[in-house]
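# Coordinate inspection notes
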Amino acid sequence: MDHISIDIKSMTIPELEGYLKNLGQPKFRAKQIFSWLHDKRVLSFDEMTNLPAALREGLKNDCEITAFTTERKLCSALDGTIKYLYRLSDGEYVESVLMRYEHGNSLCISTQVGCRMGCSFCASTKAGFVRHLTPSEILEQVYSAARDTGERVGSIVLMGIGEPLDNFDNVMRFLELVASPEGLNLSHRHISLSTCGLVDRIYELADMDLQITLSISLHATTDETRDQIMPVNRKWKIGELLTACRYYTDKTHRRISYEYSLISGVNDSQEQAAELAALLKGTLCHVNLIPINYVEEAGYEKSSRQRIYAFQKTLCDRGVNATVRRTLGADIDAACGQLRRQALR
Ligand code: SAH
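## Description of the packing of aromatic side chains
- Taken as a whole and assessed by the stated rule, the structure comprises 4 aromatic pairs.
- Considering the side-chain rings of F68 and Y86, the 5.0 Å spacing of their centres and the 40 degrees angle between planes classify their relative orientation as tilted. Of this pair, F68 sits in the loop between strand 2 (63-64) and strand 3 (69-75) while Y86 is found in strand 4 (residues 82-87), placing the two residues 18 residues apart along the sequence. Neither residue differs from the other here; F68 and Y86 are each classed as buried.
- Following the ring pairs from residue to residue traces out a cluster consisting of F68, Y84 and Y86.
- Across from the ring centre of W36, 4.6 Å away, lies the NZ or CZ of K40, which sits over that ring.
- Between the NZ or CZ atom of R41 and the centre of the ring of Y143, over which it lies, the distance is 5.4 Å.

Right, dumping it as structure tokens:
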């Protein structure tokens with residue numbers, strides 16, 4: 001076969017209308033097809049029973065409906081967290097994690113196969129970068145989890161494998177599709193996007209004025225330390241990053257959330273807690289303190305509980321909101337990138 005299939009699940013309704021017009025089809029078919037793909041979330045054209053048979057055959061020839069094979073599924077006996085390892089149509093792997101909270105299910109999804117940001121503590125980047133995920137591959141992680149559990153996915157965090165702002169256009173299209181009233185209809189207010197700090201893209205995102213929560217992976221209080229653990233900091237310094245964040249809050253009036261993974265002896269001292277408080281004081285923000293997850297090559301150690309809570313106290317005493325993130329799925333290697341790495345070995 002030498003024809004390229006159309007990725008129909010990545011198309012918006014106006015795009016579907018344009019495509020169907022070329023096939024001589026009426027406009028209303030676009031909404032019907034969109035609803036099959038994004039509301040009923042079927043995986044074959046045969047199930048689209050309100051379409052004429054000839055159109056279904058035509059679509060089968062031209063288009064592909066993005067679907068995954070579940071390679072592994074791990075359920076935590078501790079807290080019900082489910083980790084999925086999916087195989088994509090080209091044989092690559094991607095991971096998602098479903099976390100269960102009192103307020104509902106939250107799904108952590110991936111945006112790239114691998115990552116090219118090179119953070120020294122992160123498993124996702126160790127195996128290198130392969131490719132961007134398409135909008136439909138980002139979406140299908142949400143649909144697969146909903147289909148598998150039969151439960152609602154109430155919120156989404158773009159915190160799995162990959163740097164979302166490095167795959168900007170596909171991620172923006174994903175955000176448009178997932179919020180579509182004819183589809184899953186998930187409000188942007190229930191979506192968090194986490195970035196290591198691609199400053200040019202943060203400005204671009206701010207100007208789009210979306211209602212998503214922006215999460216910044218900060219992890220250090222000085223350029224010296226951040227340069228060492230996060231190569232992106234060699235391009236954009238902490239000062240430039242925080243200026244972009246201020247622009248983001250001014251534009252969107254959304255609270256920014258800062259991720260700070262505590263690494264013993266690297267970024268977890270009382271002095272660093274005070275520095276962090278000084279950097280963030282007076283800004284509309286929240287700090288998530290995360291005990292670093294062990295990654296083989298990195299050789300970093302988790303900070304002790306005592307040190308983590310002392311760090312939090314210093315922040316709070318200085319007027320900066322901070323919580324210590326609960327570790328979920330500790331028994332199933334739920335941290336990003338770990339299953340994909342095992343599968344590659
Ligand atoms: N690329 C994006 C999103 C993916 S990583 C980003 O950098 O934000 C999701 C979060 O997990 C980031 O805050 C990242 O820095 C953090 N992280 C990566 N490896 C970790 C580890 N070993 N322990 C704790 N947090 C880690």
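Read on for the rest.
## A few points about the sheet that holds strand 14 (residues 322-324)
- Strand order in the open sheet formed by 10 strands is 3-4-5-6-9-10-11-12-13-14, with mixed pairing between adjacent strands. Only two strands of the sheet have a single neighbouring strand rather than two, namely strand 3 and strand 14. Shown here is a sheet whose adjacent strand axes are inclined to one another by a mean of 20 degrees, direction ignored.
- Of the strand pairs in this sheet, strand 13 (residues 285-291) and strand 14 are connected by 3 bridges, and their pairing is parallel. Considered in strand 14, the bridge of N288 is made with T323.
- Where helix 6 (residues 168-178) meets the sheet, its contacts fall on strand 9 (155-158) and strand 10 (191-195), and the angle it forms with strand 9 comes to roughly 180 degrees.

## Here we look at helix 6
- F168, V171, M172, F174, L175, L177 and V178 are the residues of helix 6 that are buried.
- Summarising the contacts, the buried residues of helix 6 are in contact with helix 2 (28-38), helix 5 (135-149), strand 9, strand 10 and helix 7 (199-208).

## As for the pairing of strand 6 (residues 104-108)
- Along strand 6, 4 of the 5 residues are buried, which leaves the element largely enclosed by surrounding structure.
- Here strand 5 (residues 93-101) pairs with strand 6 via 5 bridges, running antiparallel. By the bridge assignment for strand 6, R100 is matched with N105.
- What sits between the antiparallel neighbours strand 5 and strand 6 is a turn of 2 residues.
- For strand 6 and strand 9, the ladder comprises 3 bridges, and the chain directions are parallel. The residue bridging S106 from the neighbouring strand is S155, located in strand 9.

Thresholds applied
Residues numbered from 1 in each chain as written. Predicted model: local features only at pLDDT ≥ 70, side-chain atom pairs only at ≥ 80, totals over all residues. Heavy atoms only, no water. Phe/Tyr/Trp six-rings, centres within 6.5 Å; stacked < 30°, edge-to-face > 60°. Helix = DSSP H or I, 4+ residues; strand = E, 2+ residues; numbered from the N terminus. Buried < 20%, exposed > 50% of the residue type's maximum accessible area, 1.4 Å probe, protein only. Lys NZ or Arg CZ within 6 Å of the ring centre and 35° of its normal. Pairing = 2+ DSSP bridges. Axes fitted to C-alpha atoms, helices over the stretch in contact; angles between N-to-C directions. Contact = heavy atoms within 4.5 Å.

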